[in-house]
Amino acid sequence: MSWGTELWDQYDNLAIHTSKGIEFLDKYANFIRDRLAIETEYAAKLRRLAKNYQPKKKEEDDNEFTSHQAFRNVLKEINDLAGQREVVAESLQLQIIQGITLLSKTLREERKKCLSNGTYLQQNLSSQLSALERAKRNYEKAYRDSEKAVDNYKKADMDLNLSRAEVERYKNIMTAKIQQSDDAKNEYANQLQKTNNLQQQHYNELLPEVFNRLQELDEKRTRGIREFIIGAADVESSVAPIIARCLEGMVKAGESINEKEDSYKVIERYQSGFTPPTDIPFEDLSKQDPESSQESHYNNVQSSHLTVKGTISANRIKKRVGIFNIFGSNKNSLTADGQKEDFSDLPPNQRRKKLQAKIAELQQKIAQETAARDGLMKMKVVYEANSSLGNPMTVEGQLNESEHKLEKLKIDLKKYQGYLERANQIPMASNSPQANRNNLHNGHRVSRHSNGSTEDNNEDGDDQPDDGGSLSRSDSEDNVAQIQNGHNNNNNGSASPESGLGTSHTSLPGSGQGSAHDNAMGEDAYYETEMELLQPLGTCRALYPFEATSEGSIPMNEGEVLQVIEIDQGDGWTRVRRLNNTNGWDEGFVPTSYIECTLYA
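- Where an unreviewed UniProt entry is consulted, the protein chain appears under the name Formin-binding protein 1-like isoform X10, with the organism given as Glossina fuscipes.
- Within the UniProt record for the protein chain, the comment given under Sequence similarities (unreviewed entry) is "Belongs to the FNBP1 family."

**Section: the overall build of the protein chain**
1) Next: The helix and strand inventory of the protein chain stands at 11 helices and 10 strands.
2) Next: The buried share among the 601 residues of the protein chain stands at 36%.
3) Next: In the protein chain, 73% of the contacts between residues at least 6 apart in sequence involve partners at least 24 apart.
4) Next: Working note: accessible area of the protein chain is about 36,400 Å², and carbon and sulfur atoms make up 51% of it.

**Things to note about the packing of aromatic side chains**
1) Next: Enumeration over the complete set of coordinates arrives at 9 aromatic pairs.
2) Next: Taken together, a centroid distance of 6.1 Å and an interplanar angle of 70 degrees make the contact between Phe 546 and Trp 573 edge-to-face. Separated by 27 residues along the polypeptide, Phe 546 in the loop between β6 (538-542) and β7 (561-566) and Trp 573 in strand β8 (residues 573-580) bring together distant segments of the chain.
3) Next: Residue class for Phe 546 comes out buried when judged on its relative accessible area of 10%.
4) Next: An aromatic cluster of three or more residues is present, and its members are Tyr 544, Phe 546, Trp 573 and Tyr 594.
5) Next: Cation over ring: Arg 169 sits above Tyr 170, and NZ or CZ is 4.8 Å from the ring centre.

**Notes on the pattern of salt bridges**
1) Next: By the definition in use, this model includes 26 salt bridges.
2) Next: Among the ionic pairs, Glu 403 bridges to Arg 373, the shortest N-O distance being 3.8 Å. Of this pair, Glu 403 sits in helix α9 (residues 393-424) while Arg 373 sits in helix α8 (residues 348-385), and the two are 30 residues apart along the sequence.
3) Next: Relative accessible area serves as the criterion here: at 37%, Glu 403 is assigned to the partly exposed category.
4) Next: Note on Arg 373: relative accessible area 18%, which makes it buried.

**Focus: the packing of α8 against α9**
1) Next: At a closest axis distance of 9 Å, the pairing of α8 and α9 adopts a crossing angle of 160 degrees. As far as their axial angle goes, α9 and α8 are roughly antiparallel. For the crossing formed where α8 meets α9, the hand is left-handed.
2) Next: In terms of residue class, the contact of α8 with α9 is made up of 17 nonpolar, 8 polar and 12 charged.

Cut-off values and rules
- Residues numbered from 1 in each chain as written.
- Predicted model: local features only at pLDDT ≥ 70, side-chain atom pairs only at ≥ 80, totals over all residues.
- Heavy atoms only, no water.
- UniProt positions renumbered as here; feature names shortened; annotations may be inferred.
- Helix = DSSP H or I, 4+ residues; strand = E, 2+ residues; numbered from the N terminus.
- Buried < 20%, exposed > 50% of the residue type's maximum accessible area, 1.4 Å probe, protein only.
- Contact = heavy atoms within 4.5 Å.
- Areas by Shrake-Rupley, 256 points an atom, 1.4 Å probe, with all protein chains shown as cover.
- Phe/Tyr/Trp six-rings, centres within 6.5 Å; stacked < 30°, edge-to-face > 60°.
- Lys NZ or Arg CZ within 6 Å of the ring centre and 35° of its normal.
- Salt bridge = Lys/Arg side-chain N within 4 Å of Asp/Glu carboxyl O.
- Axes fitted to C-alpha atoms, helices over the stretch in contact; angles between N-to-C directions.
- Parallel < 35°, antiparallel > 145°, perpendicular 65-115°, else oblique.
- Left-handed = near helix turned anticlockwise from the far one by under 90°.
- Nonpolar A, V, L, I, M, F, W, Y, C, P; charged D, E, K, R; others polar.

Structure representation (C-alpha cells):
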C-alpha cells in the first residue's frame, strides 16, 4: 500500500504529518543531548568525588591497612567508571547526535522539494480546470445566442411586412451565431479532453510519485529513529562489560580487607617493645634504715616510670623530647620532625622500624645515584671516543659530584646500620611480634625457646655476624627468586611487611631465662639474621600475561594484582611480590610496560 494511491486527496494532511515527523526526530535529538549532558556531569562528579576522597599526605601512614588499600582501589574503580560514562557521552555525541542532525537536515530538504513539486502540479491542474470552465461558459453563451438568432430568422421569414433584404440580414446573423456556437463547442471539447488527460496523469502518475517520495522520507525518518534508539542502547552495552569489571574490582577490593591483618599492623605500628610493669614489692620500713628505704623507693618509682613511659604513643614522646632535651646533651642531632638522628627517643620496637625504613631509603638512593654515575661514566667514555659529540671534561664535574653524593650516602648507610645493630641489642618483650618470628641462623631456620636457647638445623653452631646491612637491588637481582617463608612454625606471630630489605638483627646474649648458652654483656654477641619483607610501595595490575624466562623474574597473568616493592630504576623492570598460599611470598621482576602501577601517596 502506498500513499499515492490510498491518500491521493490528502495532500495537506500528508504535508502536516511529515512536518510533525521531522519535529519528533528533533525532539528525540534534544532528548539525547540532555542525556549526554547528564552523562558528562555524572562522570565529572564521579571524578571529583574520587579526587576529594583520595588519601592526604598526612594519612599516608594508614595506607598499610587493608581497609585503606581497598578503599583506594574502590576510588580507582570509580575513576574507571567515570571514564566509561565519558565514553558513553562521547559515543552518543559522535554516533547519535551527529547522525540525527544529518538525517533531519536531509529530510527537511527532500520534503521541501517534494512539496514544491506537488504545489506546482496542483497549480497546473487548477489552471487547466479554470480554462475548461471558461471554455464551457463561452460555449453556453454562444449556443444561447445561436438559438436566439435562429428564432429571429424564423420570425422574420414568417413576417410578410419585412423586405427580402431584412430577412436576408436575419439569416446572415443566424448563420454567424451558429458558427460561433460551433467554434465554442469545439473549444470546449478540446479543453475538456485536455483537462481529462491532465487530471488522469495528475492523479495516476505525477501526484502519486510525490506522495510516494514523501512516504519514503517518512519511513526513512522512522527507520532512523529505530536505529538511533538501538544505537544508543548499543553504546551503553559496549561499556557494560568494563563497568561490570569495575564493579568486580570493587567487590574484590572489599573481599581483600583482612581484619586480622589490620589488627596485626596496629600492633606493629604502636607496640613499644617494653614489658608491662611488675608488681611493686612491699617495703617494710621497720627492717630498713631510712636512707636505704628512700633510695629503694626512688629506684622503684623511676623503674616504674620508665616502664609506663614505654606505653606512651610515639607522637607524645616526640613532643616531650623538645622539652626535656633543651639542656641535655646534644650527641644526636634532631630530624625535621623533632626526633633524634638515631631515633633513640622512641620505644625499641618503633626505633627498629624507623631505622629499617631509613636504611631502605638510603639503599634506594644509593641505587639511583649509582645508576646516574654509571650513566655519566658511559657518557664520558663516548665523549672520549668521539670528541665531536661533546667535551669529556663537562662530565667530569658531574662525576665528582655524583661520587661525593654516593660516598656520603654510603657513610650514612653504614652509620644507620650501626644504629640498627645497637638497637637490636636491646631485649624485646617476649610477647612482641618480632620475638615470635622465625629467625634465620646462617641461612637455616631457627626458633627461639622460652629459655632463650635456639635450635638450629645446621650441625655446626658457629654464628657469624653479617655486615648489618640490607641487600640492595643490584646485590639481590641474582637471588631474588629465593624468597624466605616469613611465617612462624612454632609461634602464632607472622612475619610483618613493616621493614625494608632484609637487615641483619642481633639478639642480645642473656636475654633468655636460664639458658646454658647465655653470655655476659661484654662477651661476643650472638648474632641472628632475620629476613624481613620489603615495605610495599603500591600495587600494580598486569595489563598482559608474562612468562618468566630469565632468572630473577616471575610470571604473571593478565589482570593479576601484585604489590610493588621496588620501582623501575631505568632498566625497564619493576620488582613485585605476590602471596603464595603454599610457599609464602613470591618476589621477582616483571617488565614495567606490562603493568599499570598505583603507588601509595
